[in-house]
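Descriptive analysis of the structure
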Amino acid sequence: MGIRAIIVDTAGTTTDLDFIQDVLFPYSKKAMGDFLDKNQHNPLVEYCISDVRDLALEQDASIERVTEILSLWIDEDRKATPLKTLQGLIWKQGYAAGEFTGHIYPDFIDAIPRIEAANIRIYSFSSGSAEAQKMLFSHSDAGDLTPKFSGHFDTRTGNKLDKQAYCNILNTISLSPKQVLFVSDVVEELKAADAAGLHTVQMVRFDNQKTAKFTQISDFSALKID
């Protein structure tokens, strides 16, 4: 039974972590206060603000205080769904205004036709929201890559460090574990995917990366998909 789908991580695997940490995160932090002030009555934003208050156990937090909490969470790289949703909305504005384009490693872009030719579906799984992933790939340095993807998964599917998240993805895409390959740079994510029965490959782009006993590649040109 061959590989029918590849799930790729984003930060450190398909996109440079520096782009997220040095461009996207600071942009969302700088824009957060103004964005919340202007959009606080938008139902989705209103829901996220309420969610932040719940998670922070500060039910009466003002918009200014919510902004402070979110800024702290950005600094901590907290994987909180309301933060990721709000960042996605802010990045959408930034992409639309041409403030930046989404960095995608050229070796991944070059590998897409080879993966497609093998009749293998491509999905992404990130702690960033599915909306943020779509924007990253639709405004990439190589243009709109979203037609190449069959779907995007985020923390609503489950924590990337939990086996259950990968089981949930398998249920969604209707494939067995041995038909799916997960590619990530993070050992703990690979362990969780491995526990769910998926094939795993670690992307090791840097010499100082933490590694474990997984098949390793340094870029997508080395990915075996047969």
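Everything numeric in this text was worked out from a predicted model, so none of it was measured.

The rules behind the values
- Residues numbered from 1 in each chain as written.
- Predicted model: local features only at pLDDT ≥ 70, side-chain atom pairs only at ≥ 80, totals over all residues.
- Heavy atoms only, no water.
- Helix = DSSP H or I, 4+ residues; strand = E, 2+ residues; numbered from the N terminus.
- Buried < 20%, exposed > 50% of the residue type's maximum accessible area, 1.4 Å probe, protein only.
- 1 Å grid on protein atoms, 1.4 Å probe; cavity = no way out; pocket = protein on both sides within 12 Å on 5 of 7 lines; lining within 4 Å.
- Points joined across faces, edges and corners; volume = space filled by probe spheres on them.
- Expected span 1.5 Å × (residues − 1).
- Contact = heavy atoms within 4.5 Å.

Some points on the environment of Val-186
Within the secondary structure, Val-186 is located in the loop between strand S4 (180-184) and helix H8 (187-195). On the basis of relative accessibility, which here comes to 25%, the residue Val-186 falls in the partly exposed class. When the C-alpha positions of Val-186 and Ile-122 are compared, they lie 19 Å apart, and in sequence the two are 64 residues distant.

Some points on the layout of surface pockets
Approximately 760 Å³ is the volume found for the largest pocket. The wall of the largest pocket is formed by 32 residues, among which Ala-11, Leu-17, Asp-77, Lys-79 and Ser-127 lie closest to the centre. Of all the secondary structure elements, the ones that give two or more residues to the lining of the largest pocket are helix H1 (17-39), helix H4 (81-96) and helix H6 (130-138). When residues in the lining of the largest pocket are grouped by element, the largest group, six residues, is from H1.

Some thoughts on H4
End to end, H4 covers 23 Å across 16 residues, agreeing with the expected 22 Å (1.5 Å per residue, within 8%). Of the residues making up H4, those classed as buried are Pro-82, Leu-83, Lys-84, Leu-86, Gln-87, Gly-88, Ile-90, Trp-91, Gly-94 and Tyr-95. Taken together, the buried residues of H4 touch H1, helix H2 (43-56), helix H3 (63-76) and H6. Where H4 ends, the next residue or the one after it, Gly-98, has phi of about 75°, a positive value.

Scope: geometric values only; no functional claims are made or implied.
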